[in-house]
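Structural characterization, general
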Protein chains: 2
Amino acid sequence: MNHLVAPSILSADFARLAEEVHDVLEGGADWIHVDVMDGVFVPNITMGPIVVEALRRKFDCYLDVHLMIERPERHIDAFAAAGASSISVHQEATPHIHRALQQIRSHGISAGLALNPGTGLDCVAPLAEELDLLLLMTVNPGFGGQPFLTATLPKIAQARELLDRLGKKHVPIEVDGGISPDTIRQAAAAGATVFVAGSAIFAKPNRKEAIMSLRSVE
Amino acid sequence: MNHLVAPSILSADFARLAEEVHDVLEGGADWIHVDVMDGVFVPNITMGPIVVEALRRKFDCYLDVHLMIERPERHIDAFAAAGASSISVHQEATPHIHRALQQIRSHGISAGLALNPGTGLDCVAPLAEELDLLLLMTVNPGFGGQPFLTATLPKIAQARELLDRLGKKHVPIEVDGGISPDTIRQAAAAGATVFVAGSAIFAKPNRKEAIMSLRSVE
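Presented here is a report on the structure given in the accompanying data block. (Residues numbered from 1 in each chain as written. Chains lettered and ligands numbered in written order. Predicted model: local features only at pLDDT ≥ 70, side-chain atom pairs only at ≥ 80, totals over all residues. Heavy atoms only, no water.)

**Things to note about the sheet that holds strand β8 (residues 194–197) of chain A**
Residues and elements named next belong to chain A. If you walk across this open sheet you meet the eight strands as β1-β8-β7-β6-β5-β4-β3-β2, and the pairing is parallel. Of all strands in the sheet, those with a lone pairing partner are β1 (4–7) and β2 (31–37), marking the two edges. Direction aside, the axes of adjacent strands within the sheet are offset by 25 degrees on average. Two strands pair when backbone bridges link them, and strand β6 (residues 133–137) and strand β7 (residues 173–176) are joined in this way by four bridges, in the parallel orientation. Note that in β7 the partner of Leu 134 across the bridge is Ile 173. The strands touched by helix α4 (residues 97–105) are β4 (86–90) and β5 (110–115); relative to β5, the strand with the most contacts, the crossing angle is about 150 degrees. (Pairing = 2+ DSSP bridges. Helix = DSSP H or I, 4+ residues; strand = E, 2+ residues; numbered from the N terminus. Axes fitted to C-alpha atoms, helices over the stretch in contact; angles between N-to-C directions. Contact = heavy atoms within 4.5 Å.)

Structure follows, in structure tokens:
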């Protein structure tokens, strides 16, 4: 199986971001996950395009930008210009999610649909043609270090089945929140293939080992 | 005169924040200015408490946090806990500016009132008892590198006069936006004593020289 590990810099040392990102890339990270929060859609404020831009200047890696912000369409162009490789937007954050996904793709980058734990899969079929990635939150977004919500496991399995049925076998399911060597096994068994991990990687002194232990999923 | 220079990390290299901050502190910076934007009150998203926390872990310096965010009272506690030395909030961002200033002081730190270029000084007198700092924007907030609005100069002078008349001679006026060796002279002559500077410092290879040239105001 082709699993991807995406360390979230939300758990990195923000005073030494370049070193932190270099460290996890050396350790085998596939994507760098950038958690953007506006303090309105979610209760925390984190980082904006300046961070994406600063990383893009130094790294050629895949920058997976997750917008946890109200009306993301107002900011998609800025994040694309800053150098995002993919941008995921929340269905709950805008009445114009279809247009937002098209707007992301218009920049030639991948469009992700993000769903909170309490959001059903109803919206997936109408958006399937615009989707490059489905991001299922496995915690309620806002802060790092929260425990994995096991109640999201059936949704992951249903989402995989639904995407396959819609002819979207190539659209990966990314899970975000509470990912550890224990929970990653369950999420992978349910059909997820991209794993965001924050503290499970950055809180460990040896990031290569931490990434390897996440990869060693059966 | 006791002028303070406050480099704004909005113009720093975000991948190497610790080095950048160390560099300007060595160069004589008095305060480190942290521009927080939520993409709602202003059109840009920048940084949140994680940045303040990361800097506080490494530096003992004065962290001057400027909240350009909607309803700042929702986030004051998080920034205070992260280690802010002062927090400035915009009159335009909340109907409860008096309470917001009290909330900042309840953490034992300095409370600043920030006013956009288009906002008059009417609100200053009713808030004078809660004020440790008056921050007058000399550009419209949102992005670094904008030119100084000279139309704000009479407002700086009127604000100084007003604060003095209210018995608040000790409350400094901070100016933010378009500050350079040229414009700092005008702002200082009008009565400002704290000067936020972004690109005028971080865009220069020698930050010590840049800070000294800002200080050499007559």
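Still more ground to cover, so stick around.
**Here's the deal with the sheet that holds strand β5 (residues 110–115) of chain B**
All names here are of chain B. Here eight strands make up an open sheet; going across it, the order is β1-β8-β7-β6-β5-β4-β3-β2 and the pairing parallel. Of all the strands in the sheet, just β1 (4–7) and β2 (31–37) have a single pairing partner and so form its edges. Here the average twist between neighbouring strands, direction ignored, is 25 degrees. Note that strand β3 (residues 62–68) and strand β4 (residues 86–90) share four bridges and pair parallel. Of the residues in β4, the one forming a bridge with Leu 67 is Val 89.

Just distances and angles here, no functional claims.
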